[in-house]
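# An overview of the molecular structure
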Amino acid sequence: MRGRLILRPGQALAQAFKRAFDFGGRSRRSAYWWFALFTSLGGTAFGIVDEYVHIPGLEDWSVFFLLFCAVVILPDLSLGIRRLHDTGRKGWLYVVWIFVSYGSILLPEPEYEIDIVDGNDVNAWDLFGYSLIYNIISGLIFFGLMMLMIFMLTRDSQSGWNRYGQNPKGIGNPDIFS
C-alpha cells in the first residue's frame, strides 16, 4: 500500500519535532518544505517581537528570535539531512548549510576603526569600502549556497530503496504483500 504523497502541515511539523534526533532514513519534500515555511514565518514573527519587546540588559540581542532558532535548529538539521538522503545525497552537505545560515546570525560584521589624526580628511572608501567588500563577498557565498541547497532539496525522491532506506512515498518499493 502506498503512503499519502503529500503531508499536511500539522503532520509535517509533528513529524519534524518527533524525529528531531533521527538523522538516518529519508523524508519527503512536503515534510521539509512545510517545516521550512514554519521556521521562516516563526523567525519573522519572533524577529518582529524582538523589535518591540526588550529585555533589560539584553537590548542588543534578539532574544526571542535566538530562542526560536535554538528550538528549531535540531529538527531542521535532522529533517534536512533526511531530505538529502531521500534524493541520494550525503547529509553532511546540510550541516554546511546550517553552519552558514544559522552562523551568519551570530557572527558580527567586522568593524573597522578609522583614526582621524591632525584633522586629516577621511575618504568614503576608508569608512565604507571594507565593509562593502565583506558584505558583497559574504552575500555571494550565501546566495550561491542557498541556490545549491534549493536545487538539491527540491529534487524528487529516488525511486525504491537507496543506501539510506526505502522511499517514504512508497513509490518503487517492493510490495511484499502481493
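The coordinates are above.
Below: a short report on this structure. (Residues numbered from 1 in each chain as written. Predicted model: local features only at pLDDT ≥ 70, side-chain atom pairs only at ≥ 80, totals over all residues. Heavy atoms only, no water.)

## A short note on the overall build of the protein
For the protein, the count of helices and strands is 5 helices and 0 strands. In sequence order, the protein lays out its α and β elements as α-α-α-α-α. Across the 178 residues that make up the protein, the buried fraction comes to 31%. In the protein, once contacts between residues fewer than 6 apart in sequence are set aside, the share between residues at least 24 apart is 67%. Of the roughly 11,700 Å² that the protein leaves accessible, carbon and sulfur atoms contribute 66%. (Helix = DSSP H or I, 4+ residues; strand = E, 2+ residues; numbered from the N terminus. Buried < 20%, exposed > 50% of the residue type's maximum accessible area, 1.4 Å probe, protein only. Contact = heavy atoms within 4.5 Å. Areas by Shrake-Rupley, 256 points an atom, 1.4 Å probe, with all protein chains shown as cover.)

## Some words on the pattern of salt bridges
Close approach of charged atoms lets side chains of opposite charge pair. Applying the stated rule across the entire model yields 5 salt bridges. A salt bridge links Asp 22 to Arg 19; its shortest N-O distance comes to 2.8 Å. Judged by its relative accessible area of 28%, Asp 22 falls in the partly exposed class. Two residues, Lys 169 and Asp 156, come together in a salt bridge whose shortest N-O distance is 2.7 Å. Residue Lys 169 is found in the segment after α5 (124-153), and its partner Asp 156 is found in the segment after α5; the two are separated by 13 residues along the sequence. A residue is classified by how much of its surface remains accessible, and Lys 169, at 12% relative accessible area, is buried. The exposure class of Asp 156 is partly exposed, given its relative accessible area of 43%. In this structure, a network of salt bridges that share partners links the residues Arg 26, Arg 83 and Asp 86. (Salt bridge = Lys/Arg side-chain N within 4 Å of Asp/Glu carboxyl O.)

## Examining the environment of Met 152
The residue Met 152 is located in helix α5 in this model. Given the relative accessible area of 6%, Met 152 is considered buried. With 65 residues separating them along the chain, Met 152 and Thr 87 place their C-alpha atoms 7.6 Å apart.

## A short note on the packing of helix α2 (residues 29-52) against helix α3 (residues 63-86)
Look at α2 against α3: their axes get within 10 Å of each other, and the N-to-C directions meet at 170°. For the element pair α2 / α3, the angle class is roughly antiparallel. Contacts from Arg 29, Ala 31, Tyr 32, Phe 35, Phe 38, Thr 39, Gly 42, Gly 43, Phe 46, Gly 47, Val 49 and Asp 50 of α2 reach α3 at Val 63, Phe 64, Phe 65, Phe 68, Val 72, Pro 75, Asp 76, Leu 79, Gly 80 and Arg 83. (Axes fitted to C-alpha atoms, helices over the stretch in contact; angles between N-to-C directions. Parallel < 35°, antiparallel > 145°, perpendicular 65-115°, else oblique.)

## Here's the deal with the packing of aromatic side chains
The final tally for this structure, using the stated rule, is 8 aromatic pairs. An angle of 90° between the planes, with centres 4.9 Å apart, marks the rings of Tyr 32 and Trp 33 as edge-to-face. One aromatic cluster is present, formed by Phe 17, Phe 35, Phe 38, Phe 46 and Phe 68 through successive ring pairs. (Phe/Tyr/Trp six-rings, centres within 6.5 Å; stacked < 30°, edge-to-face > 60°.)

## Concerning the nonpolar core
Within the largest apolar cluster, 22 residues are counted, with the highest numbers of intra-cluster contacts made by Tyr 32, Leu 79, Leu 84, Tyr 94, Met 149 and Leu 153. Secondary structure elements with two or more residues in this core: α1 (9-18), α2, α3, α4 (92-106) and α5. Setting aside anything within four residues of it in sequence, one finds Tyr 32 in contact with Asp 76, Leu 79, Gly 80, Arg 83, Tyr 94 and Leu 153. (Core = buried A, V, L, I, M, F, W, Y, C linked by side-chain atoms within 4.5 Å.)

## Some details on α3
Given 3.6 residues to a turn, an α-helix orients residues that are three or four positions apart in the same direction. If you check α3, its first and last C-alpha atoms are 34 Å apart, about what 24 residues at 1.5 Å a residue would give, namely 34 Å. For α3, the principal kink sits at Val 72 and spans about 40°; a proline, Pro 75, occurs within the next four residues. Here α3 lies mainly inside the structure; 17 of its 24 residues are buried. (Expected span 1.5 Å × (residues − 1). Bend = angle between axes of the 7 residues up to and from the residue.)

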